Amino acid sequence: MKDNAVDTVASVPVAVVGAGPAGLMLAHLLGRAGVEAIVVDTRSRREIESTQRAGILEAGTARDLVETGVGDRILREGHEHEGIELRFGGRPHRIHFKELVGASTWLYPQTEVFIDLADARARDGGTVHFGIRDTEVLDVTTRAPRVRFTAPDGARHEIRARYVVGADGSRSMCRELVPQERRVRYGKDYPYAWFGILAEAPASAPELVYADSEHGFALISRRTDAVQRMYFQCDPHESPGDWPDDRIWETLQARVAGEDGFRLHEGPVLEKTVLRFRSFVQEPMRWGSMALAGDAAHTVPPTGARGLNLALHDVKVLADVLLRALSGAGDAVLDEYQPRALQRVWRAQNFSSWMTRLLHTAPGATPFDRRRQLGELDNVVGTRAGRAYLAEQYTGWPSGSPA
Ligand code: DHB
């Protein structure tokens, strides 16, 4: 095929690579202001819908989704949580967010946010191409960037845009377009991972339980009244096939056990995955006519469930900046994007890595490390300032303004 052979050319103000929540929410926000965006993704809609992701929305994230017309189901089917439980030393400690900082969170899985946003795109006549291949993002340093791809039916498409947004996740191809000598990557790997399960069982606790124990970390979350989501710390090289249900339940029960006799309701394990995690940021978040958003620009470890919230905050700022750029302000306003987004990104990087280290036991930890960690946990739950710090960080920050 000749390089310039395409079957269809579409011209729109914004082309978005990646139809996860960040890409779809951006298209939704632009669409509400009358600006068309075409979104493309290599995955099929089914594939995205069947990937398990985290489940916690900050109050501000939930409010943004509701106020822009894509959050009705959050109010109907989500659960507002006024706090979390931290368990350590075999004892429960409630962190009452509402009482401490007047804020709450919503349990509403990312997969459902994706479904709501994809439905809204379909309802509003927005174009989303799922299941594409051979994606090429071209000319991002010019004022006429293009995205080319092959649709599932084999047709070659070209989108001509004024701006391109790379919302293509933690294995982003768009971020590679920032030349190596002009980008900085900050990152950290962790010597542990999470073993995540979905289980058919009744809920074991009304709110999330984050448990530290001599055996390692566990997190008890939920999906529906009949299906629960749980995680436990494991070796990054662990293989799900080595974990029959009995072994999983024994591990989880040991990590949440305590003097209050707390036990999890058990049931058939429907899904098992090992989640590797890391902290990562790439700067700059904008290169020429391209901006990066969400996991493409930054990844956080899952503890505290910041990832989706951060991604949606990025696109809130980005929509504001792009709309102003497109209505006459020009490229100069794009310079506001990175500082406004990054302030929250680094706060979240700090919080996610702090909460991860607070609750996990690193291989090779010494008895001193372990006693110090218990001292830190005791400082967090045993002082008002400690509890308020966790509550404030967990429930989210106000939208970023330029530093
Ligand atoms: C969930 C995931 C998290 O990482 C977290 O901190 C809380 C909840 C979840 O999948 O429900």
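A brief structural summary. Within each chain, residues carry numbers counting from 1 in the order of the written sequence. The predicted origin of the model limits local features to residues at a pLDDT of at least 70 and limits the giving and counting of side-chain atom pairs to 80 or more, whereas totals for whole chains, interfaces and linings rest on all residues. Values reported for side chains reflect all heavy atoms of the structure, with hydrogen atoms and water molecules removed beforehand.

This brings us to the nonpolar core. Buried residues of nine kinds, namely Ala, Val, Leu, Ile, Met, Phe, Trp, Tyr and Cys, make up a nonpolar core once their side-chain atoms join them within 4.5 Å. Each residue gets one of three labels from its accessible area relative to the maximum for its type: buried under 20%, exposed over 50%, partly exposed in between, using a 1.4 Å probe on protein chains only. Of all hydrophobic cores here, the largest spans 105 residues; its most connected members are Ile84, Leu86 and Tyr210. Broken down by element, this core gets its largest block of residues, 11 residues, from helix H8 (residues 307-329). When residues are assigned to domains, this core turns out to be shared by domain 1 (8-55 + 109-183 + 284-363) and domain 2 (187-277), each giving three or more. Should any heavy atoms of two residues lie within 4.5 Å, those residues are considered in contact. In this structure, leucine 86 is in contact with Arg91, Pro92, His93, Ile95, Tyr210, Leu359, Leu377, Val380, Val381 and Leu390, ignoring residues within four places of it in sequence. Grouped together as the second largest cluster of nonpolar side chains are 21 residues, Val209, Val256, Leu264 and Val274 included. In this text, helices come from DSSP runs of H or I with a minimum length of four residues, and strands from runs of E with a minimum of two, each type numbered from the N-terminal end. Where each domain starts and ends comes from a domain assignment, either automatic or drawn from a database.

Counted at 1.5 Å a residue, the expected span for helix H10 (residues 367-382) with its 16 residues is 22 Å, and the 22 Å between its end C-alpha atoms agrees. All buried positions along H10 are accounted for by Arg370, Gln373, Leu377, Val380 and Val381. One side of H10 holds all its buried residues, which, seen down the axis, span an arc of 85°. Exposed and oriented more than 90 degrees from the buried face of H10 are Pro367, Phe368, Arg371 and Gly382. By this rule the span expected of a helix is its residue count minus one, scaled by 1.5 Å. To obtain the arc, one takes the directions from the helix axis to the C-beta atoms.

Moving on to the pairing of strand S18 (residues 269-283). Only when DSSP finds a minimum of two bridges between them are two strands counted as paired. Of the strand pairs in this sheet, strand S14 (residues 184-200) and S18 are connected by 13 bridges, and their pairing is antiparallel. In the strand pairing of S18, glycine 196 is matched with threonine 273. Inspection of the sheet shows S18 paired to strand S21 (residues 298-299) by 2 bridges, in the antiparallel sense. Counterpart to phenylalanine 280 in the pairing with S21 is threonine 299.

Surrounding the ligand, one finds 16 residues, the nearest of these being Tyr210, Ser221, Arg223, Tyr231 and Pro302. Polar contacts, as counted here, are pairs of nitrogen or oxygen atoms within 3.5 Å of one another; within protein the pair requires one atom able to donate a hydrogen and one able to accept it, and residues that are adjacent in sequence qualify only if both atoms are side-chain atoms. Within the contact set of the ligand, an oxygen atom lies 2.6 Å away from a backbone nitrogen or oxygen of proline 302. Surface accessibility in these figures is a Shrake-Rupley result with a 1.4 Å probe; residues are shielded only by whichever protein chains are displayed. Within the complex, 99% of the 300 Å² of free accessible area of the ligand lies under protein. Among the secondary structure elements, those contributing two or more residues to the shell around the ligand are strand S16 (218-222) and strand S17 (227-234). Only Asp, Glu, Lys and Arg are considered charged, only Ala, Val, Leu, Ile, Met, Phe, Trp, Tyr, Cys and Pro nonpolar, and every remaining residue, Gly among them, polar. Each residue belonging to the shell around the ligand can be placed in one class, and the counts come to 9 nonpolar, 4 polar and 3 charged. Taken domain by domain, the makeup of the shell around the ligand includes at least three residues from each of domain 1 (8-55 + 109-183 + 284-363) and domain 2 (187-277). For each residue, the test is whether any non-hydrogen atom lies within 4 Å of the molecule or strand; if one does, the residue is near.

Below, the discussion takes up the sheet that holds strand S5 (residues 79-81). Judged by pairing direction, the sheet is antiparallel, and its 3 strands sit side by side in the order S4-S8-S5 without closing on themselves. In the strand order of this sheet, the two ends are held by strand S4 (56-58) and S5, each with one partner. The average undirected angle you get between the axes of adjacent strands in this sheet is 30°. Axis lines are fitted to C-alpha atoms, over the contacting stretch for helices. Their N-to-C directions set the angle, which ranges from 0 to 180 degrees.

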